[in-house]
Amino acid sequence: MQEPTYDPSRPMPSIEIAFSYKLVGIPNKTIVSLRVEFPPNGSTPPHRHGGANVGAYVLKGTLLNKMNSDPMKTIEEGGSWFEAPGCHHRISDNASKTEPATLIATMVTDTEAFERDGMGALIQIDEEYRK
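Residues numbered from 1 in each chain as written. Predicted model: local features only at pLDDT ≥ 70, side-chain atom pairs only at ≥ 80, totals over all residues. Heavy atoms only, no water.

### What about the pattern of salt bridges?
Which entries qualify depends on this criterion: Salt bridges are identified by distance alone: a Lys or Arg side-chain nitrogen within 4 Å of an Asp or Glu carboxyl oxygen. Secondary structure is summarised from DSSP: a helix means a run of H or I of at least four residues, a strand means a run of E of at least two, and numbering begins at the N terminus for each. In this scheme, a residue with accessible area under 20% of its type's maximum is buried, one over 50% is exposed, and one in between is partly exposed, where area comes from a 1.4 Å probe on protein chains only.
A complete count under the given rule lists eight salt bridges for this structure. A salt bridge links K66 to E3, with the nearest nitrogen and oxygen atoms 3.2 Å apart. Of the two residues, K66 is situated in strand 6 (residues 62-67) and E3 in the segment before strand 1 (14-22); the sequence distance between them amounts to 63 residues. K66 sits in the buried class, given a relative accessible area of 9%. With its nearest N and O atoms 3.1 Å apart, the salt bridge here joins E115 to K22. Of the two residues, E115 is situated in helix 1 (residues 111-117) and K22 in strand 1; the sequence distance between them amounts to 93 residues. Here E115 matches K22 in class, with each residue exposed. One network of salt bridges, in which partners are shared, links E112, R116 and D117.

Next comes the structure, spelled out in structure tokens:
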């Protein structure tokens, strides 16, 4: 499958915070989980997650995923991946033009940054794609 390039006319996913908790025994860190629901043909612009460690799990559907200069992967329902701090998430797309897809992304991030910047601490869209 050929790697798609980001197309801002495609629909964006909806993102909601499922939970957030300050970690006990790990000073200044918070765990945050996001529920990301991709509509059919949904896509996110290239982005990073700052200093967060991220684990993602596909609840429903199939996603296209490319990080840094690694090859693009197709991640099906039940699949997962890890993103190290500073990782460049270059492709994050619903593989289907007709069916929705949902993932849970759980992040360990700096408490101060999350309390100050909220969602902005968790997702930093590449500058050329910011509105």
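### Digging into empty space enclosed by the protein
It is the rolling of a water-molecule-sized probe over the atoms that shows where space remains empty. Going by this rule: Here a cavity denotes a set of grid points, spaced 1 Å apart and computed over the protein atoms alone, in which a 1.4 Å probe fits but from which it cannot get out, and a pocket denotes an open set meeting protein on both sides within 12 Å along at least five of seven lines; residues with an atom within 4 Å of a point are reported as lining. Grid points are joined across faces, edges and corners, and a volume is the space filled by probe spheres set on the points. Any residue that is not Ala, Val, Leu, Ile, Met, Phe, Trp, Tyr, Cys, Pro, Asp, Glu, Lys or Arg is counted as polar, Gly included; the first ten are nonpolar and the last four charged.
All told, the structure shown has one cavity of 30 Å³ or more when counted by the stated rule. When its volume is computed, the largest cavity comes out at roughly 30 Å³. Where the lining of the largest cavity is concerned, the elements lending two or more residues are strand 3 (43-44) and strand 9 (89-94). By residue number, the principal contributor to the lining of the largest cavity is strand 9, which donates three residues. Tallied by class, residues from the lining of the largest cavity come to three nonpolar, three polar and two charged.

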